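Here is how the chains run, residue by residue.
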Amino acid sequence: MSDCIFCKIIGGEIPSQVVYDDEDVFAFRDINAQAPLHVLIIPKAHIATINDLETNNADIIGKLYLVAKKIAADEGYTNKGYRVVMNCGEAAGQTVFHIHLHLLAGRPLDWPPG
Ligand code: 5GP
Ligand code: ZN
């Protein structure tokens, strides 16, 4: 989508600190990190919110989690622990309408979240 900032990041039109890149999935460091590790993991296909997921998107959602697991391992958090979260809609804090997993680690993470 031409007016989506995450599509522009995938295309390199907006620079980012790339952590992972394959044919389906892209991951980059959050510009406003909320923890020592804060990576956004996104599908290359534009999907606006969880509400827009279709049955044929099941594979890509699984892939996002596998990439989260790999990045957590690469950064040394497999056993220390980490959080993976996806916001849906404005009341949940979604501000960019191209689905993304937040991978957060490196500080104590309170529960429940705010
Ligand atoms: P949301 O609030 O939609 O769950 O998360 C959007 C995230 O995208 C926020 O944590 C925000 O800091 C991050 N973000 C917004 N614009 C940019 C950008 O241009 N570059 C990067 N790297 N992160 C961004
Ligand atoms: Zn997009």
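As a convention, each chain's residues are numbered from 1 in the sequence order in which they are written. Working convention: letters from A go to chains and numbers from 1 go to ligands, in the order in which they are written. Whole-chain, interface and lining totals are the exception, using all residues; otherwise, since this is a predicted model, local features are given only for residues with pLDDT of at least 70 and side-chain atom pairs are given and counted only at 80 or more. Only hydrogens and water are set aside; all other atoms, that is, all heavy atoms of the structure, feed into the side-chain values.

Colleague: Honestly, the pairing of strand β3 (residues 37-43) in this entry has me stumped. Any pointers?
Modeller: Two faces, one strand: in a regular strand the side chains alternate between the faces of the sheet. Within β3, seven of the seven residues are buried, which leaves it mostly tucked inside the rest of the structure. The side-chain alternation of β3 yields two buried faces, one formed by Leu37, Val39, Ile41 and Pro43 and the other by His38, Leu40 and Ile42. Any two strands with at least two DSSP bridges between them are considered paired. Helix and strand definitions follow DSSP, with helices as H or I runs of at least four residues and strands as E runs of at least two, each counted in order from the N terminus. Summarising the sheet, strand β2 (residues 25-29) and β3 pair through five bridges and their orientation is antiparallel. If you follow Phe26 over to β3, its bridge partner there is Ile42. Both β3 and strand β5 (residues 101-105) contribute to a ladder of five bridges, which runs antiparallel. Looking at the pairing, Leu40 lines up with His102 of β5. When accessible area is computed with a 1.4 Å probe and restricted to protein chains, residues below 20% of their type maximum are described as buried, those above 50% as exposed, and intermediate ones as partly exposed.

Colleague: Could you clarify how one ought to interpret the coordination of the zinc ion (ligand 2) in this entry?
Modeller: In an ideal octahedron of six donors the angles at the metal are 90 or 180 degrees, and in an ideal tetrahedron of four donors they are 109.5 degrees. Metal donors: N, O and S atoms at distances within 2.8 Å, or within 3.2 Å for Na, K and Ca, with water omitted from the atom set so that some sites may seem incomplete. Taken together, Cys4 (SG), Cys7 (SG), His46 (ND1) and His98 (ND1) make up the full set of protein donors to the zinc ion (ligand 2), lying 2.1 to 2.3 Å away. One can describe the donor arrangement at the zinc ion (ligand 2) as tetrahedral, given that its four donor atoms subtend angles of 104 to 116 degrees at the metal. One chain supplies every donor to the zinc ion (ligand 2), and in sequence these donors are spaced C-x2-C-x38-H-x51-H. Residue Cys7 is found in helix α1 (residues 5-11), and its partner His46 is found in the loop between β3 and α2 (58-74); the two are separated by 39 residues along the sequence. Four donors are marked tetrahedral only if all angles between them lie between 85 and 135 degrees, whereas four are marked square planar and six octahedral if opposite donors are more than 155 degrees apart and the other angles lie between 65 and 115; the remainder are marked irregular.

Colleague: Is there a simple way to explain unusual backbone geometry in this structure?
Modeller: Apart from glycine, the bulk of residues carry a negative phi angle, and the bulk of peptide bonds sit in the trans form. For the bond from Trp111 to Pro112, the omega torsion is 0 degrees, close enough to zero to count as cis. Position of Pro112 among the secondary structure elements: in the segment after β5.

Colleague: Sorry if this is basic, but what is going on with the nonpolar core here?
Modeller: The tendency in soluble globular proteins is for nonpolar side chains to be buried side by side. For the purposes of this section, nonpolar cores are sets of buried Ala, Val, Leu, Ile, Met, Phe, Trp, Tyr and Cys residues that join through side-chain atoms within 4.5 Å. Val25, Val39, Ile41, Ile71 and Leu103 are the most contacted members of the largest nonpolar core, which has 19 residues in total. Broken down by secondary-structure element, the contributors of at least two residues to this core are β2, β3, α2 and β5. In what follows, residue pairs with any heavy atoms lying within 4.5 Å of each other are defined as contacts. Those residues in contact with Ile71, other than ones at most four positions away along the chain, are Val19, Tyr20, Ala27, Val39, Ile41 and Leu103. In terms of nonpolar packing, the next biggest core, distinct from the first, is built from nine residues, Cys4, Phe28, Ile42 and Val96 among them.

Colleague: Before we go on, may I ask you to explain the site of ligand 1 in this structure?
Modeller: Nearness is judged by heavy atoms alone; a residue qualifies as near a molecule or strand once a single heavy atom is within 4 Å of it. Around ligand 1, the structure places 16 residues, and the nearest of them are Asp30, Asn87, Gly93, Thr95 and His102. Counting of polar contacts relies on pairs of N or O atoms within 3.5 Å, with two restrictions inside protein: one atom must be capable of donating a hydrogen and the other of accepting it, and residues adjacent in sequence are counted only when both atoms are side-chain atoms. Contact distances for ligand 1 include 3.3 Å between a nitrogen atom and a backbone N or O atom of Ile31. Asn87 is positioned such that a nitrogen or oxygen atom in its side chain is 2.9 Å from an oxygen atom of ligand 1. Isolated, ligand 1 exposes 520 Å² of accessible area, and the fraction of that covered by the protein chains is 83%. With respect to the pocket detection grid, ligand 1 is positioned in the largest pocket. Counting only elements with at least two residues in the shell around ligand 1, the list comes to α1 and β2. In terms of residues, the shell around ligand 1 owes the most to one element, α1, which gives three residues. Each residue is assigned to one class: nonpolar for Ala, Val, Leu, Ile, Met, Phe, Trp, Tyr, Cys and Pro, charged for Asp, Glu, Lys and Arg, and polar for all the others, Gly among them. Classifying every residue of the shell around ligand 1 by side-chain character gives seven nonpolar, seven polar and two charged. Accessible surface is estimated by sampling points in the Shrake-Rupley manner with a 1.4 Å probe; for residues, cover comes only from the protein chains shown. For cavity detection a 1 Å grid was placed over the protein atoms alone, and a set of points counts as a cavity when a 1.4 Å probe fits there but cannot get out; an open set counts as a pocket when protein lies on both sides within 12 Å along at least five of seven lines, with lining residues being those that have an atom within 4 Å of a point. To decide whether a molecule occupies a pocket or cavity, check its atoms: if more than half lie within 2 Å of the grid points, it is inside.

Colleague: I keep staring at the sheet that holds strand β1 (residues 18-21) and nothing clicks. Help me out?
Modeller: Within a sheet, neighbouring strands are paired by backbone hydrogen bonds and run either parallel or antiparallel to one another. Reading across from one edge, β1-β2-β3-β5-β4 is the order of the five strands in this open sheet, with antiparallel pairing throughout. Two strands close off the open sheet at either side, each with one partner strand: β1 and β4 (83-85). Sheet twist, expressed as the average angle between the axes of neighbouring strands with direction ignored, equals 15 degrees. Docked against the sheet, α2 engages β1, β2, β3, β4 and β5, running at close to 155 degrees with respect to β3. Where helices are involved, their axes are fitted lines through C-alpha atoms of the stretch in contact, as for all axes, and angles between N-to-C directions lie from 0 to 180°.

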